[in-house]
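The residues making up each chain are set out below.
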Amino acid sequence: MDFDEIIDRRGTHSMKWDMMEPIYGVPAADGISMWVADMDFRPPACVGAAVQKMVDHGIYGYYGDEGAYRAAIGWWMHSRHGWQIEPDWIFTTHGLVNGTAMCVDAFTAPGDGVVLFTPVYHAFARVIRAAGRRVVECPLVLRDGRYEMDFAACDGLAEGARMVILCSPHNPGGRVWSRAELQGLADFAKRHDLILVSDEIHHDLVYPGQKHIVMDLVDPTLRERLVMLTATTKSFNIAGAHSGNVIIPDQALRARFAGRMAALGISANSFGIEMATTAYSPEGAEWIDALMVYLDGNRRLFDAGVNAIPGLASMPLEATYLAWVDFAGTGMTAAEFTARVEKGARIAANHGPTFGAGGECFLRFNIATSRARVAQAVERLQASFADLQ
Ligand SMILES: Cc1ncc(COP(=O)(O)O)c(C=O)c1O
């Protein structure tokens, strides 16, 4: 668990590092990549060992008997999140963007509205629109420097919607939603007769002192409309395995989802299953605990350095390694502050508007990298905005 090790990912078909120059114009030679949400750390050793075992055996046939895999998911949800699930509630998709798309496909019809609290993870809107459904944007409200959901303001917007997708914890913005907020959302979904899809992919990446609450534990009457999304990929940095879990407690919803899975011929990839089975273990748990201590240090360093620049404000993260930085106080146009980050500081960060309304003055920085790199990024940002000091 040497999170300080600087691993050069360039030339490995890493989207984060090898697409930085083509997409952002930030030079591969000395740029710092802080966009795509994966980490510059190796996963726990047990995950690498599981893949190595497959390689040593050398035959990559179809996977059979998911008993151990489902048991590992059940153990993790119970021991880490206090959530008891049944093995047959679990469907394995090709990641959670695929899982979200499958939910949109299974539970809504073309033209239906899907509610998003924006700004939010950009792929939600992408798959909703690509499927011919409507994105209904409910703006998050900034209160005391953090996002809150304003259900009363969104009641008028939810007319004609069939689904709401929650990002919990929230990307970007890093909120760990409180029980009262989640209950508010449950009531909102019931009031408007919506299917509630709760994407909890960031649920293990919660900082000390914060407590993630599983949506299924908030309100027992929600189950007839609830779909839960979880994965090992974000927690253990194995996103390339493209594996995610759609967990559905309600039998009728499960039958509908199973029908669409069958119609599209979706079945799991053996690498994803082996990695997940191994990661959801005491060794994986120990690794996550150490990871969060390290990321906590990165978050403090990044926030202190960025907040020292007049006009910049990094939203306090309760979870995730994705720092959401507000540049509104600089009075600059988006083109100007983005150029200072990309051309001046030579850092690639996600552009705020990608996340929907409310993201106009923001950039999102991925701080899941070695401490030394975070320090270098902070120094470069301070230099690039030095005239504001
Ligand atoms: C909220 C959320 N859901 C899903 C994903 C991606 O999921 P996957 O890689 O399993 O498709 C991300 C990636 O950042 C995310 O932030």
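Fair warning: this is a prediction, and the values are worked out from it, not measured in the lab. (Residues numbered from 1 in each chain as written. Predicted model: local features only at pLDDT ≥ 70, side-chain atom pairs only at ≥ 80, totals over all residues. Heavy atoms only, no water.)

Peer 1: Lay out the domain arrangement of the chain with the relevant residues and their values.
Peer 2: Many authors give the size of an interface as the accessible area that is lost as the parts come together. By the assigned domains, the chain splits into domain 1 (15–44 + 284–388) and domain 2 (48–282). Of note, the centres of domain 1 and domain 2, computed from C-alpha atoms alone, are 25 Å apart. Between domain 1 and domain 2, the residue contacts involve 37 residues of the former and 36 residues of the latter. For the pair domain 1 and domain 2, the summed buried surface comes to about 3000 Å²; carbon and sulfur atoms form 58% of the total. At the surface where domain 1 touches domain 2, the tally comes to 3 salt bridges. The salt bridge partner of glutamate 318 is arginine 146, with a shortest N-O separation of 2.8 Å. (Domains from an automatic or database assignment. Contact = heavy atoms within 4.5 Å. Buried area = accessible area lost by both parts, 1.4 Å probe. Salt bridge = Lys/Arg side-chain N within 4 Å of Asp/Glu carboxyl O.)

Peer 1: Tell me about the layout of surface pockets, residues and numbers included.
Peer 2: A volume near 1200 Å³ is recorded for the largest pocket. Forming the boundary of the largest pocket are 45 residues, of which Val36, Ala37, Asp38, Lys234 and Ala239 lie nearest the centre. Elements represented by at least two residues in the lining of the largest pocket include exactly helix H1 (15–18), helix H5 (96–107), helix H6 (122–130), helix H9 (233–236) and strand E13 (347–351). For the lining of the largest pocket, the class distribution of residues is 18 nonpolar, 17 polar and 10 charged. Counting the residues that make up the lining of the largest pocket, at least three belong to each of domain 1 (15–44 + 284–388) and domain 2 (48–282). (1 Å grid on protein atoms, 1.4 Å probe; cavity = no way out; pocket = protein on both sides within 12 Å on 5 of 7 lines; lining within 4 Å. Points joined across faces, edges and corners; volume = space filled by probe spheres on them. Helix = DSSP H or I, 4+ residues; strand = E, 2+ residues; numbered from the N terminus. Nonpolar A, V, L, I, M, F, W, Y, C, P; charged D, E, K, R; others polar.)

Peer 1: Talk me through the pattern of salt bridges; I want residue IDs and the actual numbers.
Peer 2: For the structure on display, the rule yields 25 salt bridges. Between lysine 190 and aspartate 219 there is a salt bridge, with its nearest N and O atoms 2.6 Å apart. With lysine 190 in helix H8 (residues 179–191) and aspartate 219 in the loop between strand E8 (195–199) and strand E9 (226–230), this pair connects stretches of sequence that are 29 residues apart. Overlapping salt bridges bring together Arg9, Lys16, Asp38, Asp40 and Arg373 as one network.

Peer 1: Requested: an account of the pairing of strand E3 (residues 113–118), with residues and values cited.
Peer 2: Burial runs high along E3: 6 of the 6 residues are buried. Of the two faces of E3, the one carrying Gly113, Val115 and Phe117 and the one carrying Val114, Leu116 and Thr118 are both buried. Strand direction decides the pairing type here: E3 and strand E4 (residues 134–139), joined by 6 bridges, are parallel. When the bridges of E4 are listed, valine 115 appears paired with valine 136. In this fold, E3 hands off to H6, which returns the chain to E4; that crossover is right-handed. Inspection of the sheet shows E3 paired to strand E7 (residues 161–167) by 4 bridges, in the parallel sense. Along E7, the bridge assignment pairs valine 114 with methionine 163. (Buried < 20%, exposed > 50% of the residue type's maximum accessible area, 1.4 Å probe, protein only. Pairing = 2+ DSSP bridges. Right-handed = clockwise from strand over helix to strand, strands pointing away.)

Peer 1: Explain the sheet that holds E9 residue by residue, including any values.
Peer 2: Sheet strands pair by backbone hydrogen bonding; their relative direction is either parallel or antiparallel. The sheet built from 7 strands is open, its strands ordered E2-E10-E9-E8-E7-E3-E4 with mixed pairing. At either end of the open sheet lies a strand with only one pairing partner, and these are strand E2 (90–93) and E4. When strand polarity is set aside, the average angle formed by the axes of neighbouring strands in this sheet is 25 degrees. Two elements, E7 and E8, share 5 bridges in a ladder whose sense is parallel. Across the sheet, methionine 163 pairs through a bridge with isoleucine 195, a residue of E8. Most of the contacts of H5 go to E9, to which it runs at about 165 degrees, and overall it touches E2, E7, E8, E9 and strand E10 (244–247). (Axes fitted to C-alpha atoms, helices over the stretch in contact; angles between N-to-C directions.)

Peer 1: Outline the site of the ligand, supporting the account with residue identities and numerical values.
Peer 2: As a matter of local geometry, the ligand sits amid Ala37, Gly95, Leu96, Val97, Tyr121, Cys167, Asn171, Asp199, Ile201, His202 and Lys234. The separation between an oxygen atom of the ligand and a polar main-chain atom of leucine 96 is 2.6 Å. Histidine 202 has a polar side-chain atom sitting 2.8 Å from an oxygen atom of the ligand. Look at the ligand: alone it shows 400 Å² of surface, and the protein chains cover 94% of it. At a threshold of 2 Å from the grid points, most atoms of the ligand map onto the largest pocket. When the residues that make up the shell around the ligand are grouped by side-chain class, the tally is 6 nonpolar, 3 polar and 2 charged. (Near = heavy atom within 4 Å. Polar contact = N/O pair within 3.5 Å; in protein donor to acceptor, adjacent residues only side chain to side chain. Areas by Shrake-Rupley, 256 points an atom, 1.4 Å probe, with all protein chains shown as cover. Sits in = over half its atoms within 2 Å of the grid points.)

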